[in-house]
Amino acid sequence: MDMQLKLLEAGKGALIGRLRSHPFLQRCREGAIQLDELKVFLAQQGLYSAYFTRYLCAMMANLPSNREVLALAENLFEELGLEPDSPQPHHEVYRSMLDRFEVSLESAELLPGTSQLIDTMFRHCRDTRPSAGLGALCLGAEALVPAIYGDIVAGFRACGAADGDIEFFLLHIECDDGHAETIRDIMVDIAAADPGQLGIMLAAGSDLVEARLRFFDSIEAACRGSQPQATHADTAPEAIPA
């Protein structure tokens, strides 16, 4: 198991480095980002994350046993605010943040990169091989959150935003490490039993990172005014960003 864990951690580190090399996140870290760009990010991230519970449920349906399902259900309950000591549900925290920055998901247009990111995540989570969905959600999403959101927070602070206005990101920098570890532990068990599954996990994580890079490309193109015609989003009833 130690070998599988080391390989997964090495893969995660490489994917984080690949993602943080994108100019959008670089400009956030350097304080060179504009608030209008960050508002576009807020809308597109909200549209992508509106399906989070659906991604998770699609993946859970393919897990090998109820033990793994119950472990991931705890993550879901926390997102929904159903744990005994849970704070305000995360989708409400996100909505409050959108209101502060006068961003509306209902009037936002789904950019091509966001649409592709949604489709890529669903494709892996619906894969009957649980390793694909686990790799997508962990290496391609949850394990990347502290790094991505850390850069986003730096960008907002550089634009003069108060920490109270970006509470959602600060909250997830802390809590999503635990979510990623829960998924990672399941991945380690599966890879220990069948080492061939490790390649599927890493490939899915890489696929999601490439889709996320195109997501940032779309945001930059839209802010430059060179974005192709976007489509209106068909969002889930409740956005539960992660």
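Residues numbered from 1 in each chain as written. Predicted model: local features only at pLDDT ≥ 70, side-chain atom pairs only at ≥ 80, totals over all residues. Heavy atoms only, no water.

Asker: Please clarify how the overall build of the protein should be interpreted in this entry.
Answerer: The number of helices and strands found in the protein is 11 helices and two strands. Counting every position in the protein, which comprises 242 residues, the buried fraction comes to 53%. (Helix = DSSP H or I, 4+ residues; strand = E, 2+ residues; numbered from the N terminus. Buried < 20%, exposed > 50% of the residue type's maximum accessible area, 1.4 Å probe, protein only.)

Asker: Is there a simple way to explain the pattern of salt bridges in this structure?
Answerer: Where charged atoms from two side chains of opposite charge approach closely, those side chains can pair. Enumeration over the complete set of coordinates arrives at 15 salt bridges. Note that D151 and R29 form a salt bridge whose closest N and O atoms lie 2.9 Å from each other. Here D151, found in helix α9 (residues 145-158), pairs with R29, found in helix α2 (residues 23-30); they are 122 residues apart in sequence, far enough to count as distant. Judged by relative accessible area, which is 3%, D151 ranks as buried. In this structure, D189 and R67 form a salt bridge, with 3.7 Å as the shortest nitrogen-oxygen distance. Note that D189 is positioned in helix α10 (residues 167-193) and R67 in helix α5 (residues 66-80), a separation of 122 residues in sequence. (Salt bridge = Lys/Arg side-chain N within 4 Å of Asp/Glu carboxyl O.)

Asker: For this particular structure, what's the right way to read the packing of α2 against helix α3 (residues 35-49)?
Answerer: Angle between the axes and distance between the axes are the two parameters that describe a pair of packed helices. Running from amino to carboxyl end, α2 crosses α3 at an angle of 125°, the nearest separation of the two axes being 12 Å. Classified by the interaxial angle, the pair formed by α2 and α3 is oblique. Crossing hand, α2 versus α3: left-handed. Residue-level inspection shows F24, R27 and C28 of α2 in contact with α3, the latter providing E37, L38 and F41. Residue classes in the contact of α2 with α3 are distributed as four nonpolar, no polar and two charged. (Axes fitted to C-alpha atoms, helices over the stretch in contact; angles between N-to-C directions. Parallel < 35°, antiparallel > 145°, perpendicular 65-115°, else oblique. Left-handed = near helix turned anticlockwise from the far one by under 90°. Contact = heavy atoms within 4.5 Å. Nonpolar A, V, L, I, M, F, W, Y, C, P; charged D, E, K, R; others polar.)

Asker: Sorry, what's going on with the nonpolar core here?
Answerer: In globular proteins that are soluble, nonpolar side chains generally tend to be buried together. Ranked by internal contacts, the top residues of the largest apolar core, which has 76 residues, are F24, Y55 and F169. A per-element tally of this core places helix α11 (residues 197-224) first, with 10 residues. Ignoring sequence-local partners within four residues, the contact set of F24 consists of I33, E37, L38, F41, I152, F216, I219 and E220. (Core = buried A, V, L, I, M, F, W, Y, C linked by side-chain atoms within 4.5 Å.)

Asker: How should I be thinking about helix α8 (residues 130-138) in this particular structure?
Answerer: Each α-helix winds once per 3.6 residues, and so residues spaced three or four apart point in a common direction. Taken across its nine residues, α8 has nine buried, putting it largely inside the fold. Of the positions making up α8, those classed as buried are P130, S131, A132, G133, L134, G135, A136, L137 and C138.

Asker: What should I look at first to understand the packing of aromatic side chains in this one?
Answerer: Any two aromatic rings considered together are summarised by their centre-to-centre distance and by the angle between their planes. A full pass over the atoms with the stated rule returns 16 aromatic pairs. Ring plane angle 70° and centroid distance 4.8 Å describe the contact between Y149 and F169, whose orientation is recorded as edge-to-face. Of this pair, Y149 sits in helix α9 while F169 sits in helix α10, and the two are 20 residues apart along the sequence. On the accessibility criterion, F169 (0% relative accessible area) is buried. Between F168 and F169, the aromatic rings sit 5.7 Å apart at their centres with planes inclined by 80°, giving edge-to-face as the arrangement. An aromatic cluster of three or more residues is present, and its members are F24, F41, Y94, F101, Y149, F156, F168, F169, F215 and F216. The residue whose ring lies beneath R212 is F215, and the NZ or CZ to ring-centre distance is 4.7 Å. (Phe/Tyr/Trp six-rings, centres within 6.5 Å; stacked < 30°, edge-to-face > 60°. Lys NZ or Arg CZ within 6 Å of the ring centre and 35° of its normal.)

Asker: What am I meant to see in the packing of helix α4 (residues 52-60) against helix α7 (residues 112-125) here?
Answerer: At a closest axis distance of 8 Å, the pairing of α4 and α7 adopts a crossing angle of 20°. On the basis of their axis angle, the class for α4 and α7 is roughly parallel. Here α4 contributes R54, Y55, A58 and M59 to the contact with α7, which in turn contributes I118, M121, F122 and C125.

Asker: Even after reading the chapter, I still don't get unusual backbone geometry, so can you show me in this structure?
Answerer: Across the chain, the bulk of peptide bonds are trans and the bulk of non-glycine residues have phi less than zero. The backbone of E102 shows a phi angle near 55°, a positive value even though the residue is not glycine. Residue position: E102 is located in the loop between α6 (90-100) and β1 (109-110).

Asker: For this particular structure, what's the right way to read the side chain of Q4?
Answerer: Note on placement: Q4 falls in helix α1 (residues 2-20). Beyond its immediate chain neighbours, meaning those up to four positions away, Q4 contacts V188, A191, A192 and L198.

Asker: So what exactly am I meant to see when it comes to the confidence of the model for the protein here?
Answerer: Should the pLDDT be low somewhere, the predicted coordinates at that spot are not to be read in detail. When the pLDDT values of the protein are averaged, the result is 87; 85% of them are 70 or greater. Ranking the elements of the protein by mean pLDDT puts strand β2 (residues 231-232) last, at 42, and α2 first, at 98. Low confidence marks residues 227-241, where pLDDT is under 50. Its contacts with residues over four positions away, or in another chain, come to 44 contacts. (pLDDT = per-residue confidence, 0-100.)

Asker: Would you mind showing me how to read the side chain of R27 here?
Answerer: Relative to the helices and strands, R27 is located in helix α2. A distance of 2.7 Å separates a polar atom in the side chain of R27 from a polar atom in the side chain of E37. Among all residues touching R27, those that are not within four sequence positions of it are A32, I33, E37 and E220. (Polar contact = N/O pair within 3.5 Å; in protein donor to acceptor, adjacent residues only side chain to side chain.)

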